[in-house]
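Spelled out from the first residue to the last, the chains are:
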Amino acid sequence: SCVLLSLHSLPQVQATHPDCSIVLYFQEQEAECLQIIRSESQTSASPERPGQQGCLTEWDGVSCWSAVPVGQSQFVACPDIRHVFKKSKALIRRNCTESGWSFPSPPYHNACELEVISSNNDTEAKASYFVTMKALYTCGYSMSLAALFLAIGIFSCFRKLHCTRNSIHIHFFTSFILRAAAVFIKDSVLFSDESIDHCTMSTMNCKAAIAFFQYSVLANFYWLLVEGMYLQTLLLLTFTSDKRYIWWYILIGWGVPMLTVCAWVITRLRYDNHGCWDDYSSLYWWVIKAPILLAIFVNFLIFLNVTRMLAQKIRSPDISKNYKQQYMRLTKSTLLLIPLFGVHYVVFALFPEHVGVNARLYFELVLGSYQGFLVALLYCFLNGEVQAEIKRNWGKWQSSMESNVFNLATQDFTA
């Protein structure tokens, strides 16, 4: 029917899209109707209750019509589904005749008033839009991965850069690498085969990909929280680095997300084990969302506190100019990242999942894909300490090469 065609023409883009809940609604209604049909067929087949003349229960793709005798009518209301039907209280009638069920009167599209369905041109435009968006975030994550691996290599290779602060940076970079890898894995599992409906996909690989993606996102936010906590600790301890804290930071950055995802997986397995676990309209999604909002809220408080402490220390006459420059250098990157990473998530968390889908997609996928590159740029490539160390080692390497060339030339001349 035209209703089913309209449902299949709806774009299926990602987990937060409301179309999956529409598809699941009709599948649940169909399953319930088919169960009634099976029970009726078993009852009518028994010798105690021979089959009665009339119209049997039928699923027409939208509604379930209960069995009635010949000559009677059946009424059903329009399905109460937003974005599909404008009216939900209108009644539709079907008569039971000797030749079977009559056609719905009035038809669904007249009685329920279907929402405006996108034309083929609009559908093609949306498909092109999402292909372009995928190309953009694939490029962004690829750039971020290259920059992050290079930054980790720089921090690891130069011995003078080995410290607690840069160790935390490496963990932060690793969380971005995991997040980029999780996006690519999720795309390969959910969207590799266009013939598969990801709304109804329910495989172990699919659920594992979603669980890994949620862990990567959580770890990303909690390592940003660790960056803020470490910055505050440095200001409180007046740049006294204590390596004992690193294990607490690792426990917060990797351990809290692991416990959260394990609790979420157990909850979904016991109470909501349907689909691919990518339906963000579920109440159990708050098991993931609440810890992320908590991390953002704590980071915002750290942002305010660090700004206050920084203003006090810069104004203090007891602090030398050199220390003031150190305070500014250590704080500017983290103070920039804390509001940058959390604001859009808080804004979208206040609205239902079906509101601002395109804007949500753009911020989470396109702009979010370049965050790893921005982090590597701020913490590594624009870091004066890193630049000085690279220049020093580059000068030593050039001197070594010139010395080797001179020795070779001298050997050739004396020979």
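Residues numbered from 1 in each chain as written. Predicted model: local features only at pLDDT ≥ 70, side-chain atom pairs only at ≥ 80, totals over all residues. Heavy atoms only, no water.

A. Examining the overall build of the protein more closely. Helix and strand counts for the protein stand at 12 helices and five strands. Approximately 23,100 Å² of the protein is accessible, and the part contributed by carbon and sulfur atoms is 62%. (Helix = DSSP H or I, 4+ residues; strand = E, 2+ residues; numbered from the N terminus. Areas by Shrake-Rupley, 256 points an atom, 1.4 Å probe, with all protein chains shown as cover.)

B. Quick look at the packing of aromatic side chains. A full pass over the atoms with the stated rule returns 12 aromatic pairs. Seen from their ring centres, Trp264 and Trp277 are 5.7 Å apart, and the 80 degrees between their planes marks the pair as edge-to-face. Separated by 13 residues along the polypeptide, Trp264 in helix α7 (residues 245–271) and Trp277 in the loop between α7 and α8 (286–315) bring together distant segments of the chain. Here Trp264 matches Trp277 in class, with each residue buried. Aromatic rings pair up to connect Tyr137, Tyr141 and Phe184 into one cluster. (Phe/Tyr/Trp six-rings, centres within 6.5 Å; stacked < 30°, edge-to-face > 60°. Buried < 20%, exposed > 50% of the residue type's maximum accessible area, 1.4 Å probe, protein only.)

C. Geometry of the UniProt feature "transmembrane region" (unreviewed entry) in the protein. The UniProt entry lists residues 135–156, 168–185, 221–239, 246–266, 286–306, 327–350 and 362–382 under the feature "transmembrane region" (unreviewed entry), expressed in the numbering used here. End-to-end, the C-alpha atoms of residues 168–185 are 26 Å apart, and along that stretch the chain is 100% helix and 0% strand. Along residues 286–306 the backbone is 100% helical and 0% strand, and the end-to-end C-alpha distance reaches 29 Å. (UniProt positions renumbered as here; feature names shortened; annotations may be inferred.)

D. Inspection of the state of the cysteines at higher detail. If you walk through the whole model with that rule in mind, you get four disulfides. Put simply, Cys206 and Cys276 are joined by a disulfide, and their sulfur atoms are 1.4 Å apart. With the S-S bond torsion at -105 degrees, the cross-link from Cys206 to Cys276 turns out left-handed. Taken as a pair, Cys206 in helix α6 (residues 204–236) and Cys276 in the loop between α7 and α8 lie far apart in primary sequence, 70 residues in all. We note that Cys206, like Cys276, is buried. (Disulfide = S-S within 2.5 Å.)

E. Inspection of a nonpolar patch on the surface at higher detail. A contiguous nonpolar patch, built from Leu236, Leu237, Tyr245, Trp248 and Leu251 and spanning about 530 Å² of accessible area, is present on the exposed surface. Mapped onto the elements of the fold, Leu251 is located in helix α7. (Patch = residues over 30% accessible without salt bridge, like charges linked within 9 Å, V, L, I, M, F, W, Y side chains within 5 Å. Salt bridge = Lys/Arg side-chain N within 4 Å of Asp/Glu carboxyl O.)

F. Broad picture of the sheet that holds strand β3 (residues 73–77). Spatially, β3-β4-β5 is the arrangement adopted by the three strands of the open sheet, whose pairing is antiparallel. Every other strand in the sheet has two partners, leaving β3 and β5 (100–101) as the edge strands with one partner each. As judged from the five bridges shared by β3 and strand β4 (residues 91–97), these two strands associate in the antiparallel manner. Paired with Ala77 across the strands is Leu91, a residue of β4. (Pairing = 2+ DSSP bridges.)

G. Structural context of the environment of Ser66. Along the chain, Ser66 falls in the loop between β2 (64–65) and β3. Ser66 sits 10 residues away from Leu56 along the chain, and the two C-alpha atoms are 6.9 Å apart. Contact partners of Ser66, with chain neighbours within four places excluded, come to Thr57, Gln74 and Trp101. (Contact = heavy atoms within 4.5 Å.)

H. Geometry of the packing of helix α5 (residues 164–190) against α6. Taken N-terminus to C-terminus, the directions of α5 and α6 make an angle of 160 degrees; their axes are 8 Å apart at the nearest point. If you check the angle between α5 and α6, you find them roughly antiparallel. The element α5 and its partner α6 pack so that their crossing is left-handed. Tallied by class, the residues present in the contact of α5 with α6 amount to 22 nonpolar, seven polar and four charged. (Axes fitted to C-alpha atoms, helices over the stretch in contact; angles between N-to-C directions. Parallel < 35°, antiparallel > 145°, perpendicular 65-115°, else oblique. Left-handed = near helix turned anticlockwise from the far one by under 90°. Nonpolar A, V, L, I, M, F, W, Y, C, P; charged D, E, K, R; others polar.)

I. Quick look at α6. Look at α6: 47 Å from first C-alpha to last across 33 residues, which is about the 48 Å you get at 1.5 Å a residue. Counted residue by residue, α6 has 27 buried out of 33 residues, so it is predominantly covered. (Expected span 1.5 Å × (residues − 1).)

J. Representation of the pattern of salt bridges. Enumeration over the complete set of coordinates arrives at four salt bridges. Among the salt bridges present, the one from Glu58 reaches Arg94, with a minimum N-O distance of 3.0 Å. Of this pair, Glu58 sits in strand β1 (residues 58–59) while Arg94 sits in strand β4, and the two are 36 residues apart along the sequence. Exposure remark for Glu58: the relative accessible area of 29% places this residue in the partly exposed category. Measuring nitrogen to oxygen at the nearest pair gives 2.7 Å for the salt bridge that ties Glu389 to Arg392. Residue Glu389 and its partner Arg392 are located together in helix α12 (residues 384–414), separated by three residues, close to a single helical turn.

K. Representation of the packing of α6 against α7. Two elements in contact, α6 and α7, have axes whose closest approach is 9 Å; the angle formed by their N-to-C orientations is 150 degrees. Here α6 is positioned roughly antiparallel relative to α7, judged by the angle of their axes. Note that α6 runs across α7; the crossing there is right-handed. Counted by class, the contact of α6 with α7 contains 21 nonpolar, four polar and no charged residues.

L. Here's a closer look at the side chain of Ser369. Counting through the fold element by element, Ser369 comes out in helix α10 (residues 357–369). Ser369 gets classed as buried once you look at its relative accessible area, which sits at 1%. Every residue in contact with Ser369, bar those within four places of it in the chain, is listed here: Leu136, Tyr137, Gly140, Tyr141 and Ser144.

M. Representation of the nonpolar core within the structure. Counting 67 residues, the largest nonpolar core has Phe172 and Phe173 as the members making the most contacts within it. Those elements giving two or more residues to this core turn out to be α4 (120–157), α5, α6, α7, α8, α10 and α11 (371–381). Among the elements that make up this core, the one with the highest residue count is α6 (18 residues). Residues within four places of Phe173 in sequence aside, it is in contact with Leu148, Ala151, Ile152, Phe155, Val375, Ala376 and Tyr379. Membership of the second largest hydrophobic core comes to 17 residues, among which are Trp65, Val68, Ile81 and Trp101. (Core = buried A, V, L, I, M, F, W, Y, C linked by side-chain atoms within 4.5 Å.)

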